[in-house]
Amino acid sequence: MLLALDISNTNIKFGLYDHDVMKHRWVVSTVRQRTTDEYAMVLSDLLRHVGYILTDIDDIIISSVVPPLTPVFEDLATRYCNLEALVVNHTLDLGIKLLVDNPWEVGSDRIMTIIAAHHLYGGPAIVIAFSTATTFDVVSAEGDFLGGAIAPGLSISAEALSSSASQLYRVNMTPPRSALGKNTIENMQSGIIYGHVGLVQGLIARISKEIPDVIHESEIKIIAHGGMAQQMAPIIPEIQYVNQYLPLEGLRLIHNRLRGPDSFEGKLFHNRVWWGDGNRHLPTILYKTSSKHRRSTKKIRQQLCCLIKKSGPSWTRTRDLSLIRTAL
Ligand SMILES: Nc1ncnc2c1ncn2[C@@H]1O[C@H](COP(=O)(O)OP(=O)(O)OP(=O)(O)O)[C@@H](O)[C@H]1O
Ligand SMILES: CC(C)(CO)[C@@H](O)C(=O)NCCC(=O)O
């Protein structure tokens, strides 16, 4: 089982995959103060509810845009699941180019989203997240990230309005009967929701004109996801698809690419047995020699034995890989 984790500002999404099929998806609030042990108990309860335990998880992949929680979940993977989680960042071999000024500053959720959108719908596409922020993530026909826009999300806008004006209050996020509001609630709903519709349509129009190599703007797919996508899509005719699973699907695809059965690491570590001496982290590796891999694993094993002797016990799994790559 693969656990994909999308750690976002409002919610953390857990996707439990059996091979390529998402079996379960859970959403829990993002609480920055929670500890590894607390999140482990939350995850353990969710898994138990569907008949699994923490050690049934074979691998974990994480996208996090909440830096203080990244080590919390890495720690959870190590201590509760005996795994080294794969944490997505721009330096990994993602198979796409980030055509922006500073690739390191792009949120990993945006990268995962465009990877999934391009895989499912093709490009060029504008992917709109109606979440804490309303983001526009643009992917080219080739699958590269071209940039986009980040606007305050609907809830943030609504909260700012009600907390800054004494006579205003919180309203339901439902579209009013008309843009011409006849009472304070409708005035606010019109301003917040139809105002956001205008923002989205305006940015779609502007961005569409700037995407290179587009002959007809109708080629550009417009895809929405995020907490408010279901409410917003029906009132924004430009939106063609709503898919709430994009960030988790992107994580699954990247996991497949980097650690799946056909990846370098997957082939190498398929049928593997690792053991180590506790904290010193896996100094010894033994490959079970399946008939398919017998010859290559024997060779790799010989080379690894030399490397282990040379490098001593200070290996981590990631460093093992680079050493193995060097050895091959
Ligand atoms: N029915 C609703 N009414 C008001 N706000 C809602 C509703 N449903 C979702 N939201 C808002 O949507 C956002 C949650 O969406 P989502 O689950 O996509 O958040 P998130 O993924 O944590 O955000 P982000 O990815 O930006 O960090 C919150 O800001 C929440 O307040
Ligand atoms: C924009 C958000 C908040 C959307 O979740 C996240 O992707 C993020 O923190 N990004 C960093 C800035 C950037 O993507 O350019």
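Just so we're clear, the structure is a prediction, and the values are computed from it rather than from any experiment.

The rules behind each value
- Residues numbered from 1 in each chain as written.
- Chains lettered and ligands numbered in written order.
- Predicted model: local features only at pLDDT ≥ 70, side-chain atom pairs only at ≥ 80, totals over all residues.
- Heavy atoms only, no water.
- UniProt positions renumbered as here; feature names shortened; annotations may be inferred.
- Helix = DSSP H or I, 4+ residues; strand = E, 2+ residues; numbered from the N terminus.
- Buried < 20%, exposed > 50% of the residue type's maximum accessible area, 1.4 Å probe, protein only.
- Contact = heavy atoms within 4.5 Å.
- Near = heavy atom within 4 Å.
- Polar contact = N/O pair within 3.5 Å; in protein donor to acceptor, adjacent residues only side chain to side chain.
- Areas by Shrake-Rupley, 256 points an atom, 1.4 Å probe, with all protein chains shown as cover.
- Nonpolar A, V, L, I, M, F, W, Y, C, P; charged D, E, K, R; others polar.
- Domains from an automatic or database assignment.
- Salt bridge = Lys/Arg side-chain N within 4 Å of Asp/Glu carboxyl O.
- Pairing = 2+ DSSP bridges.
- Arc of directions from axis to C-beta.

### Quick notes on the UniProt feature "active site" (unreviewed entry) in the protein
Look at the UniProt record and you will see "active site" (unreviewed entry) annotated at Asp109. Mapped onto the elements of the fold, Asp109 is located in helix α3 (residues 108–121). Owing to a relative accessible area of 21%, Asp109 belongs among the partly exposed residues under this scheme. Discounting chain neighbours no more than four positions away, the residues touching Asp109 are Asp6, Ser63 and Val65.

### Structural notes on the site of ligand 1
Taken together, the neighbourhood of ligand 1 is formed by 14 residues, with Asn9, Asn11, Lys13, Ser131 and Gly227 sitting nearest. At 2.8 Å, a backbone N or O of Gly227 approaches an oxygen atom of ligand 1. Starting from 630 Å² of accessible surface for ligand 1 in isolation, the protein chains cover 72%. In terms of residue class, the shell around ligand 1 is built from three nonpolar, 10 polar and one charged. Among the domains, domain 1 (2–87) and domain 2 (103–252) are the pair contributing at least three residues each to the shell around ligand 1.

### Some words on the pattern of salt bridges
Proximity of charged atoms lets side chains of opposite charge pair with each other. A full pass over the atoms with the stated rule returns 11 salt bridges. Of the charged contacts, one joins Asp20 and Arg252 as a salt bridge, the two residues approaching to 3.1 Å between their closest N and O atoms. With a gap of 232 residues between them, Asp20 in the loop between β2 (11–18) and β3 (21–29) and Arg252 in helix α7 (residues 246–259) connect regions that are remote in the sequence. Overall, Asp20 belongs to the partly exposed group, its relative accessible area being 45%.

### Let's talk about the pairing of β3
Sheet topology note: the β2/β3 ladder contains eight bridges and is antiparallel. By the bridge assignment for β3, Asp18 is matched with Val21. The loop that links β2 with its antiparallel partner β3 comprises two residues; one of these, His19, has a positive phi angle of about 55°.

### Some thoughts on helix α4 (residues 154–164)
By the burial criterion, the buried members of α4 are Leu154, Ala158 and Ser162. Relative to the axis of α4, the buried residues are bounded by an arc of 50° and lie together on one face. Counted as exposed and oriented over 90 degrees from the buried face of α4: Ser163 and Ser164. Those residues of α4 hidden inside the fold are in contact with β7 (133–139), β8 (145–152), α5 (184–210) and α6 (229–232).

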